[in-house]
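Architecture and fold: a report
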Amino acid sequence: MWLPLQLVLEFLGRSAAWLAVMAALGAAAALAVNQLARRPLRRAWPHLVMAAWAGAVLGASLADRFGLPEALEFAVWRRTVPLAWSVGGALLAAIGAELWRRRRRRPAD
């Protein structure tokens, strides 16, 4: 009985740690894009941060799924984080969210 419970809890712990690293990478990318756009800090939440987090997770997942080459990677509780693909995905998603926000807010001519 304890072994299945231990395996499930270990899986949940690994996933939570990996997602926390992705959240940190996404928040850093969102803040960088927010600073480049010269917006107040409060404008980064929730759109840019959530988009950057999703981009980081998507970039890491696609790199793992398709076996893309990675020069910089590290392990978080035996799960690898492809740094370049994660940061690249986070930046692309944050830039896309910022561009979408700007386009949506323009008044119709």
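Up top is the structure.
To keep things clear, this report deals only with the structure shown in the data block. Small disclaimer: the values here were computed from a predicted structure and weren't measured.

1. Thoughts on a nonpolar patch on the surface
Together, Trp2, Leu5, Val8, Leu9, Phe11 and Leu12 line one region of the surface with nonpolar side chains, adding up to about 670 Å² of accessible area. As for its position among the elements, Val8 is in helix H1 (residues 2–36). According to the relative accessible area criterion, Val8 is partly exposed, its value standing at 46%.

2. Focus on the environment of Val49
Mapped onto the secondary structure, Val49 falls in helix H2 (residues 47–66). In the structure, Val49 is positioned 21 residues away from Ala28 in sequence and 8.5 Å away in space, judged by C-alpha atoms. Dropping the residues within four chain positions of it, Val49 is found in contact with Ala30 and Ala44.

3. Some points on the packing of aromatic side chains
For the structure on display, the rule yields zero aromatic pairs. In this structure, Arg65 packs its charged tip against the face of Phe66, placed 5.9 Å from the ring centre. Sitting over the ring of Trp18, Arg79 keeps its end group 4.7 Å from the ring centre.

Rules used throughout
- Residues numbered from 1 in each chain as written.
- Predicted model: local features only at pLDDT ≥ 70, side-chain atom pairs only at ≥ 80, totals over all residues.
- Heavy atoms only, no water.
- Patch = residues over 30% accessible without salt bridge, like charges linked within 9 Å, V, L, I, M, F, W, Y side chains within 5 Å.
- Areas by Shrake-Rupley, 256 points an atom, 1.4 Å probe, with all protein chains shown as cover.
- Salt bridge = Lys/Arg side-chain N within 4 Å of Asp/Glu carboxyl O.
- Helix = DSSP H or I, 4+ residues; strand = E, 2+ residues; numbered from the N terminus.
- Buried < 20%, exposed > 50% of the residue type's maximum accessible area, 1.4 Å probe, protein only.
- Contact = heavy atoms within 4.5 Å.
- Phe/Tyr/Trp six-rings, centres within 6.5 Å; stacked < 30°, edge-to-face > 60°.
- Lys NZ or Arg CZ within 6 Å of the ring centre and 35° of its normal.

Function-wise, these values are silent; they only describe arrangement.
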